[in-house]
Amino acid sequence: MTQRAHERELAGRGDAGRRSSELREFLGMALVASGLCLAVVRPELRDAMVHTLATRAVELAR
């Protein structure tokens, strides 16, 4: 494989990886933003979630 072909192949892989990571970052930010909106709009849901997570953590620790 020539150096030029090798560089093109690596450039294509890097671009595909970048698009994938950008999509993951966007989905993560959307998830965090929606969670924060829910916490502001419905604070009782936050309290219920904390209670549920704490209960499961105690059950797993047994």
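Quick caveat, the model's predicted, so the values are computed rather than measured.

Participant: Describe in detail the pattern of salt bridges, supporting the description with residues and values.
Facilitator: This structure, assessed with the given rule, holds two salt bridges. With a shortest N-O distance of 2.6 Å, Glu-44 and Arg-42 are connected by a salt bridge. Here Glu-44 falls in the partly exposed class, since its relative accessible area comes to 42%. The class for Arg-42 is partly exposed, based on a relative accessible area of 42%. The salt bridge involving Arg-46 is made with Asp-47; its shortest N-O contact spans 3.9 Å. For Arg-46, a relative accessible area of 44% puts it in the partly exposed group. With a relative accessible area of 48%, Asp-47 lands in the partly exposed category.

Participant: Could you give an account of a nonpolar patch on the surface, naming the residues involved and the relevant values?
Facilitator: Among the surface-exposed residues, Leu-23, Phe-26 and Leu-27 lie close enough to one another that they form a single nonpolar patch of about 330 Å² accessible area. Note on placement: Phe-26 falls in helix 1 (residues 3-41). Since its relative accessible area comes to 55%, Phe-26 is described here as exposed.

The rules behind these values
- Residues numbered from 1 in each chain as written.
- Predicted model: local features only at pLDDT ≥ 70, side-chain atom pairs only at ≥ 80, totals over all residues.
- Heavy atoms only, no water.
- Salt bridge = Lys/Arg side-chain N within 4 Å of Asp/Glu carboxyl O.
- Buried < 20%, exposed > 50% of the residue type's maximum accessible area, 1.4 Å probe, protein only.
- Patch = residues over 30% accessible without salt bridge, like charges linked within 9 Å, V, L, I, M, F, W, Y side chains within 5 Å.
- Areas by Shrake-Rupley, 256 points an atom, 1.4 Å probe, with all protein chains shown as cover.
- Helix = DSSP H or I, 4+ residues; strand = E, 2+ residues; numbered from the N terminus.

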